[in-house]
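Descriptive analysis of the structure
In case you want the letters, here they are:
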Amino acid sequence: MIKRKDTEKCMARAKAADRAMTGIFYSVGGFFLLLLLLLAGYIIFKGITDFYPELLTFGRNGIGNQFFNTVYLVFLSLVISVPLGIAAGIYMAEYAKEGQILSFLRVSIESLSSLPSIVVGLFGYLVFILMTGAKWNLMAGAMAVSILNLPLITTTTEDAIRSLPRGYKEGSMALGATHWQTIDRVLLPTSLPRIITGVILAAGRGFGEAAALLYTAGQSTNINWSNWNPASPTCPLNPFRPGETLALHIWVMRTEGSLNPNSTAIANFSAAVLIIMVLGFSLLARFLARRIDRKTGGL
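Notes on the structure in this doc start here. (Residues numbered from 1 in each chain as written. Predicted model: local features only at pLDDT ≥ 70, side-chain atom pairs only at ≥ 80, totals over all residues. Heavy atoms only, no water.)

**Concerning the nonpolar core**
Counting 34 residues, the largest nonpolar core has I86 and L188 as its most contacted members. Mapped onto this core, the elements with two or more residues apiece are α2 (64–95), α5 (138–162), α7 (179–208), α9 (246–255) and α10 (263–297). Every residue in contact with I86, bar those within four places of it in the chain, is listed here: I153, T157, L188 and I195. Within the second largest apolar cluster, eleven residues are counted, among which are Y72, M139, V145 and L248. (Core = buried A, V, L, I, M, F, W, Y, C linked by side-chain atoms within 4.5 Å. Buried < 20%, exposed > 50% of the residue type's maximum accessible area, 1.4 Å probe, protein only. Helix = DSSP H or I, 4+ residues; strand = E, 2+ residues; numbered from the N terminus. Contact = heavy atoms within 4.5 Å.)

**Some words on the pattern of salt bridges**
Under the counting rule described, the total for this entry stands at five salt bridges. Residue E94 pairs with K169 through a salt bridge whose shortest N-O separation is 2.8 Å. Remark: K169 occurs in helix α6 (residues 166–174) and E94 occurs in helix α2; sequence separation between them is 75 residues. Among the residues examined, E94 registers a relative accessible area of 16% and is labelled buried. When the shortest N-O distance is used, the salt bridge between R106 and E158 registers 2.6 Å. Here E158 lies in helix α5 and R106 lies in helix α3 (residues 100–113), a separation of 52 residues in the sequence. Residue R106 is classed as partly exposed on the basis of its relative accessible area, which comes to 28%. When salt bridges with common partners are traced through the structure, they connect R106, E158 and R162 into a single cluster. (Salt bridge = Lys/Arg side-chain N within 4 Å of Asp/Glu carboxyl O.)

**What about α5?**
Look at α5: 35 Å from first C-alpha to last across 25 residues, which is about the 36 Å you get at 1.5 Å a residue. At N149, α5 shows its maximal bend, which comes to roughly 40°, and the proline P151 appears one to four places after that position. Across the 25 residues that make up α5, a large majority, 19, are buried. A side-chain oxygen of the first residue of α5 lies 3.2 Å from the backbone nitrogen of M139; this N-cap is N137. (Expected span 1.5 Å × (residues − 1). Bend = angle between axes of the 7 residues up to and from the residue. Polar contact = N/O pair within 3.5 Å; in protein donor to acceptor, adjacent residues only side chain to side chain.)

**Some remarks on the packing of α2 against α5**
At a minimum axis distance of 6 Å, the contact between α2 and α5 shows a crossing angle of 35°. Along this stretch, α2 crosses α5, giving a crossing that reads as right-handed. Looking at the contact of α2 with α5, its residues break down into 19 nonpolar, ten polar and three charged. (Axes fitted to C-alpha atoms, helices over the stretch in contact; angles between N-to-C directions. Left-handed = near helix turned anticlockwise from the far one by under 90°. Nonpolar A, V, L, I, M, F, W, Y, C, P; charged D, E, K, R; others polar.)

**A few points about the packing of helix α4 (residues 117–130) against α5**
Where α4 contacts α5, the axes come no closer than 9 Å and their chain directions differ by 135°. Comparing the axis directions of α4 and α5 gives the class oblique. Note on packing geometry: the crossing formed by α4 with α5 is right-handed. Side by side, α4 and α5 meet where S117, V120, F123, F128 and I129 of the first sit next to A140, M143, A144, I147 and L148 of the second. For the contact of α4 with α5, a count of residues per class yields nine nonpolar, one polar and no charged. (Parallel < 35°, antiparallel > 145°, perpendicular 65-115°, else oblique.)

**Concerning the packing of aromatic side chains**
Working definition: an aromatic ring pair is given by the centre-to-centre distance plus the angle between the planes. Considering all chains together, one arrives at nine aromatic pairs under this definition. The interplanar angle of 65° and the centroid separation of 5.1 Å between the aromatic rings of F58 and W225 together place this pair among those described as edge-to-face. Remark: W225 occurs in the loop between α8 (211–214) and α9 and F58 occurs in the loop between α1 (2–49) and α2; sequence separation between them is 167 residues. The class for F58 is partly exposed, based on a relative accessible area of 46%. Exposure remark for W225: the relative accessible area of 29% places this residue in the partly exposed category. What links up through ring pairs into an aromatic cluster is the set F58, F68, Y72, W225 and W228. (Phe/Tyr/Trp six-rings, centres within 6.5 Å; stacked < 30°, edge-to-face > 60°.)

That is the geometry; function is a separate question.
Printed below as a string of structure tokens:
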């Protein structure tokens, strides 16, 4: 009887502690959610109140060119970093053997992920600009952002594959599939939602990056929207032309605002558009990830 009472007391204390910790974690999560909503709401509100129609143009007082440059640069960076990052993650999860080489790779990736973006920007300036004899261009900026994104995509891919139940791999190979067929048709599709999460985070960093692009992509934009010759320096699709992104445009408007009487309004609206872009991209990617997860799960 005494043991039963002691057991009931222990269970009651455990439940109370569980409820308390659950409440604390919910409070912490709610606080950060509220902080995000307040920050995003304030930026969007300031952008809307400072809006005037000319901001939507592609001229000097508009942000159309910077909006296109931002999307184009993020696209170029993902084209470079996603295949390399996923391939590196597959190698580390499925092919690399535990030992000094794998430990060295992990240390290298952790060191690369902790590098300040300004250092990566200076590296990109030395390698992609000075050593090649090129001028500031979008491709150099995309390669610099790819360096920042590679550790994130690689780590996400490796963790996604390693976290899958071992039965997935064993069942596939038991049916006669090769190692690569198992990776290509079982492991990758199943872990794709988590990999897409890493891609979303990488794209978000690309949207908001400024320091690395300051030395690589440049702070000027000269686009002729009637010129679609990719070899022309004014063609929108030429990746080797200078391209100022929205993040850089905000920085320029805040630091050199005296040159433009509407600099505050331009910076506020650019920040609002940037926030909406990141949120929109994240929601779209989440929606696609769920659709893919349902299809691969047979639902």
